[in-house]
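Examination of the molecular architecture
One letter stands for each residue in the lines below.
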Amino acid sequence: MSINVKNNVDWVGKIDWELRKFHGDEYSTHRGSTYNAYLIKEEKVALVETVWAPFAKEFVANLAGEIDLKKIDYVIANHAESDHSGALPELMQHIPDTPIYCTKNGVKSLKGHYHQDWNFNVVKTGDRLSLGKKELIFVEAPMLHWPDTMFCYLTQDNILFSNDAFGQHYATEYMFNDLVDQSELFEECLKYYANILTPFSPMVIKKIKEVLSFNLPLDIICTSHGVIWRDKPEQIVEKYLEWANDYQENQITIIYDTMWNGTRLMAQQIAAGIKDADNEVNVKLFNLAKSDKNDVITEVFKSKAILVGSPTINRGVLVSVAGTLEEIKGLKFKNKKAAAFGCYGWSGESVKIISGILEESGFDVINEGLKVMWNPDDESITKCTEFGKQIARL
């Protein structure tokens, strides 16, 4: 199946309705995803990206139904990660001498993945590839989100093939941003940014400003995952600039796990204290043992402050809390406050451990945290409520 994007540009990718985990088990995809590849049929024919390896044979067979494979003059590998390049080995068996255009790091990555010495052609920012009357202009975009990443731009049609930037994991048969549910779309866009691109926010701002400085007209953004932006494509660019600028909403998120409900009761009372002190703030609670970690991280991204709770177990914290904190540390959130809380029965190290990890992760830890021995009694409940009020005031 192909879908016309504009003029001689067709989508020839794969919709993956069943995908529920991405990057192994690292990213939840409640709404599936797509692997977007594009066929440009001008005087010269270029294929921009392929699809994930499990769909390689299907992809090549479908592509052969669209065009004689030997008429493909160029393959553009914007990114070597296997959800983009996975069908290359199958495709290159049919067209082994066809040149592959990628960055210098792209060559390293593709050779590392597939151990093949294909006909690589290294490009850098500003290089052009003639397709006849139209050209592809290449723009390196290292660490958005891999060292090998690049974009390319099709002149006259004014299409930016943006690779992972501006995408989302969202399976839909409609494939264009103006045809899908806008709430679902932007929910997935925000989740994608929060969980994948947050560490690279300074580079996001720099690269967007660089591309804008070229003064290239922009009609369509063709992403590697999710929908194609054909209606006001600048709207997602503006969102990225907003999200990259230490984004936060008027929200405090409380995340915790509990053994015998003591830490859960603390979380609820702290939330009540926050609302008593500031009824305008949005407070959200998540039990990490029962919540999707990527959804939780999205809420952390939106928050101006987070509170993290765990009882002490074996002089440490519960595994769900430790794992989530490790994810959060790697994402390098900026301009957010934090504090810790938790129950204990014997030694009570969890609050100190959590506070240390939060500080190491770049959060402004606003106090020493709150720990309660055993299940909270009336006095401890009052302490939790006051703790919440203190957080709201700070």
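Heads up: the structure comes first, above all this text.
Residues numbered from 1 in each chain as written. Predicted model: local features only at pLDDT ≥ 70, side-chain atom pairs only at ≥ 80, totals over all residues. Heavy atoms only, no water.

On a plain count of helices and strands, the chain comes out with 12 helices and 22 strands. If one aligns the C-alpha atoms of the chain with their principal axes, the spans along those axes are about 80 × 40 × 35 Å. The 394 residues of the chain split such that 56% are buried. Long-range pairs, those at least 24 residues apart, make up 71% of the contacts in the chain with a sequence separation of at least 6. Looking at the chain as shown, the accessible area adds up to about 16,900 Å², and 49% of this sits on carbon and sulfur atoms. Taken as two groups, the 42 positive and 55 negative side-chain charges of the chain have centres that lie 3 Å from each other. (Helix = DSSP H or I, 4+ residues; strand = E, 2+ residues; numbered from the N terminus. Buried < 20%, exposed > 50% of the residue type's maximum accessible area, 1.4 Å probe, protein only. Contact = heavy atoms within 4.5 Å. Areas by Shrake-Rupley, 256 points an atom, 1.4 Å probe, with all protein chains shown as cover. Lys, Arg positive; Asp, Glu negative; His and termini not counted. Charge placed at Lys NZ, Arg CZ, Asp CG, Glu CD.)

With that settled, the discussion passes to the sheet that holds strand 15 (residues 159–163). What the 5 strands build is an open sheet, ordered 12-13-14-15-16; its pairing is mixed. Only two strands of the sheet have a single neighbouring strand rather than two, namely strand 12 (128–130) and strand 16 (220–223). On average, each strand axis in the sheet is tilted by 20° relative to the strand beside it, whichever way the strands run. (Pairing = 2+ DSSP bridges. Axes fitted to C-alpha atoms, helices over the stretch in contact; angles between N-to-C directions.)

On to the nonpolar core. The biggest cluster of nonpolar side chains holds 87 residues, and the ones touching the most others in it are Phe166, Ile236 and Tyr240. No other element matches the 9 residues that helix 5 (residues 182–197) contributes to this core. (Core = buried A, V, L, I, M, F, W, Y, C linked by side-chain atoms within 4.5 Å.)

Right, let's talk about the sheet that holds strand 11 (residues 120–122) for a bit. What the 7 strands build is an open sheet, ordered 1-2-7-8-9-10-11; its pairing is mixed. Two strands in the sheet have a free side with no partner beyond their single neighbour: strand 1 (3–6) and strand 11. Put simply, the sheet's adjacent strands are angled 25° from each other on average, direction ignored. In the sheet, strand 9 (residues 74–76) pairs with strand 10 (residues 100–102) via 2 bridges, with the strands oriented parallel. Across the sheet, residue Val75 finds its bridge partner in strand 10, namely Ile100.

Let us look at the layout of surface pockets. Counted as a void, the largest pocket has a volume near 400 Å³. Considering the residues around the largest pocket, the lining is formed by 18 residues, among which Met259, Thr312, Tyr344, Gly345 and Trp374 are closest to the centre. Elements with a minimum of two residues in the lining of the largest pocket: helix 8 (262–277) and strand 20 (337–344). Of the residues contributing to the lining of the largest pocket, the split by class is 8 nonpolar, 9 polar and 1 charged. (1 Å grid on protein atoms, 1.4 Å probe; cavity = no way out; pocket = protein on both sides within 12 Å on 5 of 7 lines; lining within 4 Å. Points joined across faces, edges and corners; volume = space filled by probe spheres on them. Nonpolar A, V, L, I, M, F, W, Y, C, P; charged D, E, K, R; others polar.)

Scanning the entire structure with this criterion turns up 26 salt bridges. In this structure, Lys134 and Glu42 form a salt bridge, with 2.9 Å as the shortest nitrogen-oxygen distance. Taken together, the residues span a long stretch of sequence, with Lys134 in the loop between strand 12 and strand 13 (135–140) and Glu42 in the loop between strand 7 (38–41) and strand 8 (45–48) at a distance of 92 residues. We classify Glu42 as buried; its relative accessible area is 19%. Asp295 serves as the salt-bridge partner of Lys191, at 3.2 Å between the closest nitrogen and oxygen. Note that Lys191 is positioned in helix 5 and Asp295 in helix 9 (residues 293–302), a separation of 104 residues in sequence. (Salt bridge = Lys/Arg side-chain N within 4 Å of Asp/Glu carboxyl O.)

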